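Examining the three-dimensional arrangement
What follows is each chain in one-letter form.
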Amino acid sequence: MPNVLKRTGGLQNATSKLNSLGLAFAAKDKTWFGVLVDDQDYLVASAFSDNRRVIKNHLVRYSLKVAHISPKEVKHSFAEDMAKLHNGEAPKRPVKLGSIGISEFQEKVYEVLKKIPRGRVTNYGLIAKAIKSGPRAVGNAVGSNPWPLFVPCHRVVPSDMTVGNYSMINSPGHENSPVKKTLLYREGVRFQGEKIPPSALWSPARFSS
DNA sequence: GCTTACCACGATG
DNA sequence: CATCGTGGTAAGC
């Protein structure tokens, strides 16, 4: 039976089969948003950029890599949801995340990211302590978050409370990323110069699964 | 298989 | 500023 992959990991029903993937776009304020969605409305990946071709290439490549499927272009409301998240709005409904291509370690990290409140930040070391790992390993996982904006990896900053890095699709990313800073600002984070005030720091509970 | 290089880090000096 | 410890990954044999 071709084109049928078993889903792995604990983010969703492990017995379901994956047959097709859809790719949907939305645009707002000169920014393009793309979502990769499976046939049961699980979000497999997302991306945003000022260049539609860039996110399309990225999501098609990701689809081929993790599922060996060429996605079909569809309409999907997740793309509009993504534009609202980019605007700093609170999500109105939960989005089911597809676990394909996600390691167990990544899943542990993303479970913490999902708990960071809007308007707050945490750092790599605190996440590492919470899941009994190391800060560099957490950085690796955060940097490979397949669902930017839906899973708020932009709320993780260096321990010195600067904004830190936010790598876009294939650009290396740089210190004090203006994109990351804007995302945080729209969610209510205020800055003292280049730094985030300590009152915005949120600490994950230790031993959270 | 195993070994290395690479990192969106952190602590120390 | 520099260096090192650190843990997970991917790429290289």
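As the structure is a prediction and not an experimental result, all values here were calculated from the model.

Cut-offs used in this document
Residues numbered from 1 in each chain as written. Chains lettered and ligands numbered in written order. Predicted model: local features only at pLDDT ≥ 70, side-chain atom pairs only at ≥ 80, totals over all residues. Heavy atoms only, no water. Near = heavy atom within 4 Å. Polar contact = N/O pair within 3.5 Å; in protein donor to acceptor, adjacent residues only side chain to side chain. Helix = DSSP H or I, 4+ residues; strand = E, 2+ residues; numbered from the N terminus. Nonpolar A, V, L, I, M, F, W, Y, C, P; charged D, E, K, R; others polar. Salt bridge = Lys/Arg side-chain N within 4 Å of Asp/Glu carboxyl O. Buried < 20%, exposed > 50% of the residue type's maximum accessible area, 1.4 Å probe, protein only. Pairing = 2+ DSSP bridges. Contact = heavy atoms within 4.5 Å. Axes fitted to C-alpha atoms, helices over the stretch in contact; angles between N-to-C directions.

Concerning the protein's contact with DNA strand B
Taken together, 15 residues surround DNA strand B, and among them Y124, R136, N140, S159 and N165 come closest. Close to the protein, within 4 Å, the atoms of DNA strand B are drawn from sugar and phosphate at a rate of 44%. At 2.8 Å from a base nitrogen of DNA strand B is found a side-chain nitrogen or oxygen belonging to Y124. At a separation of 3.1 Å, a phosphate oxygen of DNA strand B approaches a polar backbone atom of G125. Where the surface near DNA strand B is concerned, the elements lending two or more residues are α4 (124-131) and α5 (135-143). With six residues, the single largest contributor to the surface near DNA strand B is α5. Taken together, the residues that form the surface near DNA strand B break down as six nonpolar, eight polar and one charged.

Description of the pattern of salt bridges
This structure, assessed with the given rule, holds seven salt bridges. Two residues, E80 and K75, come together in a salt bridge whose shortest N-O distance is 4.0 Å. In this structure K75 comes out as exposed when scored by relative accessible area, which is 67%. K114 is the salt-bridge partner of E111, the closest N and O atoms lying 2.9 Å from each other. The partly exposed category is assigned to K114, whose relative accessible area is 38%.

Topic: the protein's contact with DNA strand C
Lining the immediate surroundings of DNA strand C are S103, F105, S133, G134, R136, A137 and N140. In DNA strand C, the atoms that sit within 4 Å of the protein are 50% sugar and phosphate, with bases accounting for the remainder. The side chain of R136 places a nitrogen or oxygen atom 3.0 Å from a base oxygen of DNA strand C. A137 has a polar backbone atom sitting 3.5 Å from a base nitrogen of DNA strand C. Partitioned by chemical class, the residues of the surface near DNA strand C number two nonpolar, four polar and one charged.

Comments concerning the sheet that holds strand β3 (residues 21-28)
Read across the sheet, four strands follow the order β5-β4-β3-β6 without closing on themselves; strand pairing throughout is mixed. A single partner strand is all that each edge strand has here, and the edge strands are β5 (43-49) and β6 (72-73). Two strands pair when backbone bridges link them, and β3 and β6 are joined in this way by two bridges, in the parallel orientation. Looking across to β6, one finds that G22 is bridged to K72. Lying on the sheet, helix α1 (residues 52-67) is in contact with β3, β4 (31-38), β5 and β6; it crosses β5 at an angle near 155 degrees.

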